Amino acid sequence: MRPKSALRTRDALDQLRLDHELIRKLLREYDGVRLVEGCSAERKAEIVDRLCDALSLNALIEEEIFYPVLRPVLDGARLAQTALCDHARLRHLIARLDEMEPGDPGYDDAVVDIGDCVLPSLDDARAVLFVEVRMTGLDTAALGEQMARRRRAQQQQDFTRIGLPRSESTVVLGGWPPACHLTLA
């Protein structure tokens with residue numbers, strides 16, 4: 001028999017929860033570092049690289065595997081549609097940050113904007129969407145195995161370079177969700 005923790009990490013919702021915890025941890029870590037006088041640019045860049053990789057991989061897994069399975073089960077899953085729009089906005093923010101250096105004016109603000117974009121979605125997913133998924137009886141263990149295979153396949157790639165938008169691109173997966181219209185300040 002496998003240890004209980006090994007079973008949990010294979011479950012789709014537990015994998016996503018762990019992704020979300022890592023993202024929160026990295027945002028907190030960055031926030032702590034940016035407030036330290038004389039913090040090295042290299043340290044900021046290291047945290048941001050890890051954050052952008054975690055965000056990009058999480059978005060990729062959700063878009064390719066998790067949300068397409070939820071759509072028919074949860075009758076369109078409004079939160080999933082909203083999350084995909086958030087992912088489109090997130091890609092724009094990551095692309096903007098990717099063009100900056102840690103010492104650039106606005107770098108810290110760009111990281112804060114990413115946090116402002118993702119934290120409400122993470123809260124909504126855990127409080128509402130994950131509960132709804134559990135109530136459907138969906139085989140989250142099998143879904144988790146698919147997600148784990150996809151993660152392993154992507155381990156050697158630079159996720160921040162995958163799918164970064166051009167200035168006028170939109171995210172549409174098979175016509176779902178409806179087009180997101182983004183306005184970036």
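Quick notes on the rules
Residues numbered from 1 in each chain as written. Predicted model: local features only at pLDDT ≥ 70, side-chain atom pairs only at ≥ 80, totals over all residues. Heavy atoms only, no water. Helix = DSSP H or I, 4+ residues; strand = E, 2+ residues; numbered from the N terminus. Buried < 20%, exposed > 50% of the residue type's maximum accessible area, 1.4 Å probe, protein only. Contact = heavy atoms within 4.5 Å. Areas by Shrake-Rupley, 256 points an atom, 1.4 Å probe, with all protein chains shown as cover. Salt bridge = Lys/Arg side-chain N within 4 Å of Asp/Glu carboxyl O. pLDDT = per-residue confidence, 0-100. Axes fitted to C-alpha atoms, helices over the stretch in contact; angles between N-to-C directions. Parallel < 35°, antiparallel > 145°, perpendicular 65-115°, else oblique. Left-handed = near helix turned anticlockwise from the far one by under 90°. Core = buried A, V, L, I, M, F, W, Y, C linked by side-chain atoms within 4.5 Å. Expected span 1.5 Å × (residues − 1). Bend = angle between axes of the 7 residues up to and from the residue.

A. Local environment of the overall build of the chain. From N to C terminus, the chain includes 6 helices and 0 strands. Helices and strands appear in the chain in the N-to-C order α-α-α-α-α-α. Burial statistics for the chain: of 185 residues in total, 42% are counted as buried. Across the chain, every contact between residues at least 6 apart in sequence was considered, and the portion connecting residues at least 24 apart equals 80%. Here the chain has roughly 10,400 Å² of accessible surface; of this, 51% comes from carbon and sulfur atoms.

B. Main features of the pattern of salt bridges. Counted under the stated rule, the structure contains 17 salt bridges. For Asp 11, the salt bridge identified is with Arg 134, shortest N-O distance 3.1 Å. With Asp 11 in the loop between α1 (4-10) and α2 (12-34) and Arg 134 in helix α5 (residues 107-136), the pair connects residues that are 123 residues apart, well separated along the chain. Given a relative accessible area of 8%, Asp 11 falls into the buried group. Between Arg 43 and Glu 46 there is a salt bridge, with its nearest N and O atoms 3.0 Å apart. With Arg 43 and Glu 46 both in helix α3 (residues 41-73) and 3 residues apart, this pair spans about one turn of that helix. Look at Glu 46 and you get partly exposed, because its relative accessible area is 39%.

C. The arrangement of the confidence of the model for the chain in detail. Per-residue pLDDT for the chain has a mean of 79; in total, 75% of the residues score no lower than 70. For the chain, the element scoring lowest by mean pLDDT is α1, at 51; α2 scores highest, at 95. Ignoring residues within four places in sequence, the model shows residues 1-8, a span with pLDDT below 50, making 4 contacts including any to other chains. Low confidence marks residues 165-185, where pLDDT is under 50. Its contacts with residues over four positions away, or in another chain, come to 29 contacts.

D. Seen up close, the packing of α2 against α3. Two elements in contact, α2 and α3, have axes separated by 10 Å at closest approach and are oriented at 155°. For the element pair α2 / α3, the angle class is roughly antiparallel. Between α2 and α3 lies a crossing of left-handed hand.

E. Quick peek at the nonpolar core. Ile 23, Leu 51, Leu 55, Leu 97, Val 111 and Ile 114 are the most contacted members of the largest nonpolar core, which totals 23 residues. Of all the secondary structure elements, the ones that give two or more residues to this core are α2, α3, α4 (78-98) and α5. Counting residues per element, this core draws most heavily on α5, which supplies 7 residues. If you look at the next biggest cluster of nonpolar residues, it comprises 17 residues, including Leu 16, Leu 129, Val 133 and Met 147.

F. Local environment of α3. For α3, which comprises 33 residues, the first-to-last C-alpha distance of 46 Å matches the rise-based estimate of 48 Å (1.5 Å per residue) to within 8%. Glu 62 marks the point of greatest bend in α3, at about 45°. At the exit of α3 stands Asp 75, carrying a positive phi of roughly 50°.

G. Inspection of the environment of Ile 94 at higher detail. Looking at where Ile 94 falls in the secondary structure, it is placed in helix α4. Look at Ile 94 and you get buried, because its relative accessible area is 3%.

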